[in-house]
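So you can see what is in the structure, the chains are spelled out below.
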2 protein chains.
Amino acid sequence: MTDSEIQSAILDMGRRARTASYALVKLTTEQKNAILIAMADEIMARQEVILTANALDLTRAEQNGLSTAMIDRLKLDRKRSKAISEAVREVALLPDPVGEKLTDWTRPNGLHIRKIRVPIGVIGIIFESRPNVTSDAASLCFKTGNATILRGGSEAIDSNRALAAALQAGGERAGLPPDSIQLIPFTDRASVEHMAKMDQYIDLIIPRGGKGLIEKVVACARMPVIKHYDGVCHVYVHADADLQVAADIIVNSKCQKPGVCNALETFLVHQDIAVSFYPLIGKRLAEAKVEIHGDPTALEHLGVPAKAATEEDWTTEYLELILAAKTVSGLDEAIAHINRYGSHHTDSIITRDRSAAERFQHEIDSAVVLHNASTRFNDGGEFGFGAEIGISTDKLHARGPMGLAELCSYKYLVDGSGQIRV
Amino acid sequence: MTDSEIQSAILDMGRRARTASYALVKLTTEQKNAILIAMADEIMARQEVILTANALDLTRAEQNGLSTAMIDRLKLDRKRSKAISEAVREVALLPDPVGEKLTDWTRPNGLHIRKIRVPIGVIGIIFESRPNVTSDAASLCFKTGNATILRGGSEAIDSNRALAAALQAGGERAGLPPDSIQLIPFTDRASVEHMAKMDQYIDLIIPRGGKGLIEKVVACARMPVIKHYDGVCHVYVHADADLQVAADIIVNSKCQKPGVCNALETFLVHQDIAVSFYPLIGKRLAEAKVEIHGDPTALEHLGVPAKAATEEDWTTEYLELILAAKTVSGLDEAIAHINRYGSHHTDSIITRDRSAAERFQHEIDSAVVLHNASTRFNDGGEFGFGAEIGISTDKLHARGPMGLAELCSYKYLVDGSGQIRV
């Protein structure tokens, strides 16, 4: 396809998505839930078709020499495709945030103002290898009354096409407005840029993938982009901390799932407890096979083999069993370190001192700031949101776990009786 | 200055603004209000200095042949500079949204989660001729605990410098952290682009000015931009409307202040009342010296001279005493017209039928949708926000009147007793 053919195809999809978004606003919660269930059913009905399509992607992946990890992310089987269907079915069970009254008040002139949650409109999702993003993102965006334009990676194009076709066919049988869920059917790289420039039709882009993908979208997007960047997360152990609690939380934050954004990357220790805490945590981390990169005080007291930390360690998201350790003179230095080197994602203080915890929570500039709890709790499911589309590292619109409510905008409805402005 | 000198100066301002933002978080509401009052006092104390600086801008403006309207926007006198000081003083009187608990809940595992309003961090303001934006924007951003980087137009540089110096000197005497309010002291055009790319230090850019300025910022910004685009606003007169109320609201929406974004640009009339309503509104608009561009039915019944409307009229923001008129077959066509041709800003329905009003408010995709009230009420002051930094045409973060609450982000504070994730 030529660049102008791609652009005109993308523009046409945008125009149709905008039209669909107006039809979506008219659906009731019950209609939306019935459509979601029909989509889930259709994924099960087409399980063979979806797995056959996935096999094409897998064959191409092997021919192209993709890594084992990437092939695993790409691969669907009966269990995974059933899980994809179940995830769509679960979205039907979640409460619908659309239409919720956020606040209302009456002005002295009698005007009654209501602030109401409404769909955003059209959401673009640009994602990489995992085919389940097709149905996860589309079902969450649909539940909130948004039209979706999906642009998946070329490596998963056959799986994505099969899943999108199932969502569309199942959904439309139950009343899904046409063009509510559209997948860009070709894999030309230029489509990302054309999507990102089309702010007349796309209200928000959410890139789901690595830093390179997010950077690319940010660099050319004209509409808002909600970003899910790195988590360089911290636990700070204050002088009065319960050391067993601190050790449990550090081990859990690092080891429970090391490859995710809310996993721990650096822990900070108050200098007054360096002698007592480092040997304790050193032993626990050694048992958990965690490699430690420590400052000189840490290295002196850990009591287990460790590497010397460099400046680079303070900003590194290891995403594996490596953890940086630093000694600080107290709360001020801990806060300054975290605000300077962290990624404003998730940070936790371990202390028995309520006022120290409050200062930490107040002054740390991060989406989620915990007290005596694991960093792993920065998560839509753990927050009780039911589902999340990601953990936003942005400060506008959505910060931290991004659930259904964050896939909504709002508008003001003003009721009068003939008021004019004087 | 070379481009790399400009870039390095801007980066240095960004770095210092970020540092200031951490100091700002520590100020209490009382401290912030005392600082605002000191700023207002200092503007009055430096009134002569500010007017002398403004005279330099005015001389240059005349030499450069600026229009009378632009020179009027630029001009300060004793009355206007006093109003600038008073506006800062009034910001001190507004309630402080920072720290407000938006919601809280407890999870089954005992974790207590609080969602708290916090400053955004560093806000960039890029604006054109009016020097009062310097103090208006800086005081609202400061009240909400944000550091500000201001970039004004070259035509007002001397006035802006004098005002920013007064804010800084007055503020710092009362405890304003250094670098909380910075004005880019040079006028090179490249500074806009360097600001817009500096997403490591600027969390949000708000362009205050014409469409060209906003477009330029949107095209190169890496961080969120809150836009204040055009208002192509509508009043739809339903078949059962009180025709006197409809006429009063149309005249007020168009004429009370024609040059602003919430002024009316097109009114739609239900075909069943074309014969009765057009003559009435035609007379009223003629008395108000409004030029009408109407569709054939409007032209037939208005009873006053009018021009034939073209397709272009439906999308035009006249910002003067011109108004488009169109006849529609009913609610469906009115909604479809407004969603297609409008700018999703402000629209009003005049009807006695509550269910028609509800459908209109539900299906119109605009920031503020009114029932039996003038479009001119889409305004921070009229909403009771006390002050506004503008009327957002965005759907994310802030939509419609943007007051102090919309200059804030939020974060989650999570309190536990040793919880780890299993």
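Keep in mind it's a predicted model, so treat the numbers as computed, not measured. (Residues numbered from 1 in each chain as written. Chains lettered and ligands numbered in written order. Predicted model: local features only at pLDDT ≥ 70, side-chain atom pairs only at ≥ 80, totals over all residues.)

K.L.:
An account of the interface of chain A and chain B is needed here, citing residue identities and associated values.
P.N.:
Tallying the contact residues gives 56 residues for chain A and 56 residues for chain B. Of all the elements in the fold, those that place two or more residues in the side of chain A that touches chain B are α9 (211–220), α10 (243–255), α14 (354–363), β13 (368–373), α15 (380–383) and β16 (408–419) of chain A. Examining the composition of the side of chain A that touches chain B, we find that eleven residues originate from one element, β16(A), more than from any other. Sheet topology note: the β16(A)/strand β13 (residues 368–373) of chain B ladder contains five bridges and is parallel. The residue of β13(B) that forms the bridge with Val414(A) is Leu370(B). (Contact = placed C-beta atoms within 7 Å. Helix = DSSP H or I, 4+ residues; strand = E, 2+ residues; numbered from the N terminus. Pairing = 2+ DSSP bridges.)

K.L.:
I'd love a proper account of the packing of helix α2 (residues 29–45) of chain A against helix α6 (residues 132–143) of chain A, names of residues and values included.
P.N.:
Residue and element names in this part refer to chain A. Where α2 contacts α6, the two axes come as close as 10 Å, and the packing angle between them is 165 degrees. Classified by the angle their axes make, α2 and α6 are roughly antiparallel. Considering the relative orientation of α2 and α6, their crossing is right-handed. Contacts between α2 and α6 involve Lys32, Leu36, Met39 and Ile43 from the former and Ser135, Ser139, Phe142 and Lys143 from the latter. For the contact of α2 with α6, the residue count by class is four nonpolar, two polar and two charged. (Axes fitted to C-alpha atoms, helices over the stretch in contact; angles between N-to-C directions. Parallel < 35°, antiparallel > 145°, perpendicular 65-115°, else oblique. Left-handed = near helix turned anticlockwise from the far one by under 90°. Nonpolar A, V, L, I, M, F, W, Y, C, P; charged D, E, K, R; others polar.)

K.L.:
For the environment of Thr28(B), give the residues involved together with the corresponding values.
P.N.:
All names here are of chain B. Note that Thr28 resides in the loop between α1 (3–24) and α2 (29–45). What makes Thr28 exposed here is the crowd of 11 C-beta atoms within 10 Å. Considering only alpha carbons, one finds Thr28 and His293, 265 residues apart in sequence, at a separation of 55 Å. (Buried ≥ 20, exposed ≤ 12 C-beta atoms within 10 Å, placed from the backbone.)

K.L.:
Summarise the domain arrangement of chain A; cite the residues concerned and give the values.
P.N.:
One can read the domain layout of chain A as domain 1 (3–227 + 402–413) and domain 2 (233–382). Put simply, the middle of domain 1 of chain A and the middle of domain 2 of chain A, counted by C-alpha atoms, are 36 Å apart. (Domains from an automatic or database assignment.)

K.L.:
Before we move on, could you go through the relation of the copies chain A and chain B and cite the residues and values that matter?
P.N.:
Of the transformation superimposing chain A on chain B, the axial component is 0.0 Å and the angular component is 180 degrees, with the fit at an RMSD of 0.0 Å. In symmetry terms, the pair is related by a two-fold rotation axis. If distances are taken from each C-alpha of chain A to the rotation axis, the shortest is found for His397(A), at 2.0 Å. Looking at chain A, 100% of its interface residues are interface residues in chain B too, so the copies touch through the same face. (Least-squares fit on C-alpha atoms with pLDDT ≥ 70 in both.)

K.L.:
Would you mind going over the sheet that holds β16(A) in detail, with residue names and values included?
P.N.:
Here we have ten strands laid out as an open sheet, ordered β1(A)-β2(A)-β16(A)-β13(B)-β12(B)-β7(B)-β8(B)-β11(B)-β9(B)-β10(B), and mixed in their pairing. Each edge of the open sheet carries a strand with a single partner, namely β1 (101–106) of chain A together with β10 (307–308) of chain B. Both strand β7 (residues 233–237) of chain B and strand β12 (residues 346–350) of chain B contribute to a ladder of four bridges, which runs parallel. Considered in β12(B), the bridge of Val235(B) is made with Ser348(B). Across the sheet, helix α11 (residues 274–287) of chain B touches β7, β8 (264–270), β9 (291–294) and β11 (322–328) of chain B, and the angle it forms with β8(B) is around 155 degrees.

K.L.:
Before we move on, could you go through the pairing of strand β9 (residues 291–294) of chain A and cite the residues and values that matter?
P.N.:
Residues and elements named next belong to chain A. Of the strand pairs in this sheet, β9 and strand β11 (residues 322–328) are connected by four bridges, and their pairing is parallel. Across the sheet, the residue bridging to His293 is Ala324, located in β11. Across two bridges, β9 lies against strand β10 (residues 307–308) in parallel orientation. By the bridge assignment for β10, Gly294 is matched with Ala308. Crossover handedness for the path β9 to helix α12 (residues 296–301) to β10: right-handed. (Right-handed = clockwise from strand over helix to strand, strands pointing away.)

K.L.:
Account for the pairing of β8(B), with residues named and values stated.
P.N.:
Residue and element names in this part refer to chain B. Of all seven residues making up β8, seven are buried, and the element is well covered by its neighbours. Here five bridges tie β7 to β8, and the two strands are oriented parallel to one another. Residue pairing in the sheet places Cys233 in a bridge with Leu264 of β8. Considered for its hand, the β-α-β crossover made up of β7, helix α10 (residues 243–255) and β8 is right-handed. Sheet analysis places β8 next to β11, joined by five bridges and oriented parallel.

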